[in-house]
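# Results of the structural survey
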Amino acid sequence: NEERYSPTNSNVNIFHFFKEKASNCSGSFERPDNDQALSNRLCPGKTPFPFPDQISQTEMVQQWFGNLQVKDPLSEQSKTRDMEPPVGYQKHTLRSITSPLTAYRLKPIRQKTKKAVVSILDSEEVCVELLKEFTSQEYVKEVLQISSDGNMITIYYPNDGRGFPLAERPPSPTDNISRYSFDSLPEKYWRKYQYASRFVQLVRSKSPKITYFTRYAKCVLMENSPGADFEVWFYDGAKIHKTEDLIHVIEKTGKSYTLKGESEVNSLKEELKIYMDHANEGHRICLALESIISEEENKSGGAPFFPIIIGRKPGNTSSPKALSPTPSVDPNYPMRERPSLNRMIINSAASSKQAPILSPSTVTGEGLGATALASGTSISPSGVNDCLPKSAQLLKSVFVKNVGWATQLTSGAVWVQFNDGSQLVVQAGVSSISYTSPNGHTT
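The model shown is predicted, which means the values in this text are computed figures rather than measured ones. (Residues numbered from 1 in each chain as written. Predicted model: local features only at pLDDT ≥ 70, side-chain atom pairs only at ≥ 80, totals over all residues. Heavy atoms only, no water.)

### Side note on the overall build of the protein
Rule in force here: Numbering of helices and strands starts at the N terminus; helices are DSSP runs of H or I of at least 4 residues and strands are runs of E of at least 2. Type-normalised accessible area, obtained with a 1.4 Å probe on protein chains alone, sets the label of each residue: buried when under 20%, exposed when over 50%, and partly exposed for intermediate values. A contact between two residues is defined here by any heavy atoms of the two lying within 4.5 Å. Residue-level accessible areas treat just the shown protein chains as cover; the underlying method is Shrake-Rupley with a 1.4 Å probe.
From N to C terminus, the protein includes 10 helices and 21 strands. By the burial criterion, 44% of the 443 residues in the protein qualify as buried. Intrachain contacts of the protein at a sequence separation of at least 6 include 55% that bridge at least 24 residues. Accessible area for the protein stands at about 23200 Å²; split by element, carbon and sulfur atoms hold 50% of it.

This is the structure in structure tokens:
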């Protein structure tokens, strides 16, 4: 019976995070009063990212979103109905405020706040139900039903606008409905659309897309790409959570802090840098997996390939050990001058969605060129090693579509690994070119 970690099982209170995101839309959200907070079962948490196995994903998102309330959209409309735009005013579009939401692959969830209920349905459509209370009974007065790609919005008023009692599911559409595309949605509905979009983005940031088990940790790439959240749960209790702008760290002792830039990451003590190196390596692998699997998913045109789980938790766990240094033919080459191979490969993966997992990063201390290529052909390192300078060190690598990997070395030489298994080395200041055929013959 394998133990399963769940990075989405958390009782974290992200109200301050969400409030920051919503600060540009005045009046959209407000903190609930004490009674409302109690009814939504807030759990304050002692650290920003508590450990798993406490509550389900659905309960967690409900608690988070329960801290948010939308003000009465009808009253908001009445405040601005008679306002005339100033001279020279340029009309905004919904696309200038937000992008179409994406609810693909998200599990069904339903969350109620004081003024509205928002749901992700089995069909992956998103529903926003606006509520009114009469004689202690809540009625659904208006419904926005948004397609899973966010581009089609259906609006209807249950029971001819008289409202329908709040139930476990949104009311069925009436005969009198209005349909709009994302770009044609009237401005009076924009705030409600943003409300749904923020909720969906919140759910996506906690929905695993790729789960990858390493020797030391469980790595999870979330659905909220681009710039998706990435969480690393080390088996010894430490955790690293990377967002687009920040890195949150929890040591195995429970001490937590937030890093905001490269300088702060570099200032970490050596023990924590080992954890960060493993997190970066796991992130690189997950991004490469996402790229390759997405490409195959698009080619197949069938059922979605995500979410996907790679590997499983090992039986014997331990704290991470230092990664092997970047391979170099010259052991006297100063370590501080060696480029970061992890960063090089991450940049390569980000620059090309077509890049395969196998790359020049697979070179080993046995010699440059001992690389298993995508075709499955294994090239003998002897031929390539004879052509490379003895002080060769990887400097920069790029994947070229339909060609292969091109790698620049610190000596100035260029090493090309073609998709068919052949290799080419061009040395700086040398007129000759060394070529290794797919069968290992060098000329």
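### What to know about the sheet that holds strand E14 (residues 247–250)
Let me state the cut-off plainly: Pairs of strands are assigned from DSSP output, requiring at least two bridges between the strands. Geometry is summarised by axes, namely lines fitted to C-alpha atoms with helices restricted to the contacting stretch, and by angles between N-to-C directions that run from 0 to 180 degrees.
Taken together, seven strands build an open sheet; the order of strands is E15-E14-E13-E12-E11-E10-E16 and the sheet is mixed. The sheet is open, and its two borders are formed by strand E15 (256–259) and strand E16 (308–310), each paired with just one other strand. In this sheet, adjacent strand axes meet at a mean angle of 15 degrees when their direction is disregarded. Of the strand pairs in this sheet, strand E13 (residues 239–242) and E14 are connected by four bridges, and their pairing is antiparallel. Its bridge partner being in E14, His241 is matched across the sheet by His248. Where helix H8 (residues 270–300) meets the sheet, its contacts fall on strand E10 (208–213), strand E11 (217–222), strand E12 (230–234), E13, E14, E15 and E16, and the angle it forms with E10 comes to roughly 125 degrees.

### A look at the pairing of E11
Judged by how many residues are buried, E11 sits mostly within the fold: six of six residues are covered. Neither face of E11 is left uncovered, since the one carrying Ala217, Cys219 and Leu221 and the one carrying Lys218, Val220 and Met222 both have all their residues buried. Sheet topology places E10 next to E11; five bridges connect them, and they run antiparallel. For Ile210, the partnering residue across the bridge sits in E11 and is Leu221.

### Looking at the nonpolar core
Which entries qualify depends on this criterion: The term nonpolar core refers to a set of buried residues drawn from Ala, Val, Leu, Ile, Met, Phe, Trp, Tyr and Cys, joined through side-chain atoms within 4.5 Å.
Core analysis: the biggest nonpolar cluster contains 26 residues, and Val232, Phe234, Ile240, Ile247, Leu259, Met276 and Cys286 have the highest contact counts within it. Mapped onto this core, the elements with two or more residues apiece are E10, E11, E12, E14 and H8. Broken down by element, this core gets its largest block of residues, eight residues, from H8. Apart from residues lying up to four places away in sequence, Met276 is in contact with Ile240, Ile247, Val249, Leu259, Val265 and Leu268. In terms of nonpolar packing, the next biggest core, distinct from the first, is built from 25 residues, Ala103, Leu185, Trp190 and Phe199 among them.

### So, the packing of aromatic side chains
The condition that has to hold: Between rings of Phe, Tyr and Trp, where Trp is taken as its six-membered ring, a pair exists when centres lie within 6.5 Å; planes separated by under 30 degrees are stacked, by over 60 edge-to-face, and by other angles tilted. Comment: the charge-over-ring label is applied if NZ (Lys) or CZ (Arg) is within 6 Å of the ring centre and within 35 degrees of the ring normal.
One pass over the structure, following the stated rule, counts four aromatic pairs. Between Tyr180 and Tyr189 the ring centres are 6.3 Å apart and the planes differ by 40 degrees, which places this aromatic pair in the tilted class. Ring centres of Phe234 and Tyr275 lie 4.8 Å apart, and the angle between their planes is 75 degrees; this geometry places the pair in the edge-to-face category. With Phe234 in strand E12 and Tyr275 in helix H8, this pair connects stretches of sequence that are 41 residues apart. When its relative accessible area of 6% is taken as the criterion, Tyr275 is described as buried. The ring of Phe306 is capped by Lys209, whose NZ or CZ atom sits 4.8 Å from the centre of that ring.

### Observations concerning the confidence of the model for the protein
Definition in use: pLDDT is defined as a per-residue confidence score from the predictor, taking values between 0 and 100.
Looking at the protein as a whole, the pLDDT averages 74, with 62% of positions reaching at least 70. Here residues 1–54 scores under 50 on pLDDT; set against residues more than four positions off or in separate chains, the count is 121 contacts. pLDDT under 50 marks residues 326–383. Its contacts with residues more than four places away, or in other chains, come to 122 contacts.

### Some details on the pattern of salt bridges
Going by this rule: Every case where a carboxyl oxygen of Asp or Glu lies within 4 Å of a side-chain nitrogen of Lys or Arg is listed as a salt bridge.
Under the defined criterion, the tally for this structure stands at 12 salt bridges. A salt bridge links Glu231 to Lys206, with the shortest nitrogen-to-oxygen separation between them at 2.6 Å. Highlighted residues: Glu231 in strand E12 and Lys206 in the loop between helix H6 (190–204) and E10, separated in sequence by 25 residues. Salt-bridge contacts for Arg284 lead to Glu281; the nearest nitrogen and oxygen are separated by 2.7 Å. Of this pair, Arg284 and Glu281 are both found in helix H8, three residues apart, which corresponds to roughly one turn of the helix. Here the salt bridges do not stand alone but share partners, grouping Lys206, Glu231 and Lys239 into one network.

### Looking at H6
What counts here: Helix span, expected: 1.5 Å multiplied by one less than the number of residues in the helix.
In this model H6 runs 21 Å from its N-terminal to its C-terminal C-alpha over 15 residues, within 8% of the 21 Å that 1.5 Å per residue would give. Burial analysis of H6 places 13 of its 15 residues in the buried class, which makes it a mostly covered element.

### A look at H8
Helix length check: H8 (31 residues) gives 45 Å between terminal C-alpha atoms against 45 Å at 1.5 Å per residue, within 8%. Just past H8, the residue Gly301 takes up positive phi, approximately 65 degrees.

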